[in-house]
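Structural overview
Listed below, chain by chain, are the residues.
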Amino acid sequence: QVQLVESGGGLVQPGGSLRLSCAASGFTFRRSTMSWYRQAPGKERELVALITSAGGTTNYADSVKGRFTISRDNAQNTVYLQMNSLKPEDTAVYYCNAILRDTRILIYWGQGTQVTVSS
């Protein structure tokens, strides 16, 4: 049974930091490209950050470059998103995503964790 379980969301003041975690199970994590997406109310889901299977390549949305850092621990089957200098516009539900390219492409999603940036 595939599971992606996000944690670490919450309420934080502008300028603060949060660290999101996504614990994966039920599939070959170390071979998967992992991403964080977010969706704000009334907006489409957008890619925030991506990290390749060995962690050698990362990509970020322009809006979070220099503030967010994605990382992974293949021994712990976990991907992280360190979010610094948070802004109110970062408020959204954050989702963990996995893409595994095997004999077919498999895509998995977590249930999401709410991040609210407000004073």
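Thresholds applied
- Residues numbered from 1 in each chain as written.
- Predicted model: local features only at pLDDT ≥ 70, side-chain atom pairs only at ≥ 80, totals over all residues.
- Heavy atoms only, no water.
- Core = buried A, V, L, I, M, F, W, Y, C linked by side-chain atoms within 4.5 Å.
- Buried < 20%, exposed > 50% of the residue type's maximum accessible area, 1.4 Å probe, protein only.
- Helix = DSSP H or I, 4+ residues; strand = E, 2+ residues; numbered from the N terminus.
- Contact = heavy atoms within 4.5 Å.
- Pairing = 2+ DSSP bridges.
- Axes fitted to C-alpha atoms, helices over the stretch in contact; angles between N-to-C directions.
- Salt bridge = Lys/Arg side-chain N within 4 Å of Asp/Glu carboxyl O.
- Phe/Tyr/Trp six-rings, centres within 6.5 Å; stacked < 30°, edge-to-face > 60°.
- Lys NZ or Arg CZ within 6 Å of the ring centre and 35° of its normal.

**Quick notes on the nonpolar core**
Counting 31 residues, the largest nonpolar core has L4, W36, V79, L81, M83 and Y94 as the members making the most contacts within it. Residue assignment for this core shows that the elements contributing at least two residues are β3 (18-25), β4 (32-39), β5 (46-51), β7 (68-73), β8 (78-83), β9 (92-101), β10 (105-109) and β11 (113-117). Considering every element that reaches this core, the biggest residue donor is β9, with 5 residues. In contact with L4, other than residues within four places in its own chain, are C22, A23, A24, F27, M34, C96, N97, A98, Y108, W109, G110 and Q111.

**Points about the sheet that holds strand β1 (residues 3-7)**
Read from one edge to the other, the open sheet built from 4 strands follows the order β1-β3-β8-β7, with strand pairing classed as antiparallel. If you trace the sheet from one side to the other, it starts and ends with β1 and β7, each paired once. For this sheet, the mean angle separating the axes of adjacent strands, direction not counted, is 15°. In terms of strand pairing, β1 meets β3 through 5 bridges, oriented antiparallel. Each residue of the ladder has a partner; that of E6, found in β3, is C22.

**A look at the pattern of salt bridges**
Enumeration over the complete set of coordinates arrives at 4 salt bridges. Across the pair E46 and R38 runs a salt bridge whose closest N-O atoms are separated by 2.7 Å. Taking the relative accessible area as the measure of exposure, R38 reaches 6% and is therefore buried. Linking R67 and D90 is a salt bridge whose minimum nitrogen-to-oxygen distance equals 2.8 Å.

**So, unusual backbone geometry**
Of note, the phi angle at N77 is positive, near 50°, even though the residue is not glycine. Following the sequence through the fold, N77 ends up in the loop between β7 and β8. At S85, a position not held by glycine, the phi torsion is positive, near 50°.

**So, the packing of aromatic side chains**
A full pass over the atoms with the stated rule returns 3 aromatic pairs. Centre to centre, the rings of Y95 and W109 are 6.5 Å apart; their planes meet at 85°, and the pair counts as edge-to-face. With Y95 in strand β9 and W109 in strand β10, this pair connects stretches of sequence that are 14 residues apart. On the accessibility criterion, Y95 (14% relative accessible area) is buried. The cationic tip of R45 hangs over the ring face of W109; the distance from NZ or CZ to the ring centre is 4.6 Å. The ring of F29 carries R72 above its face, with NZ or CZ at 4.5 Å from the centroid.

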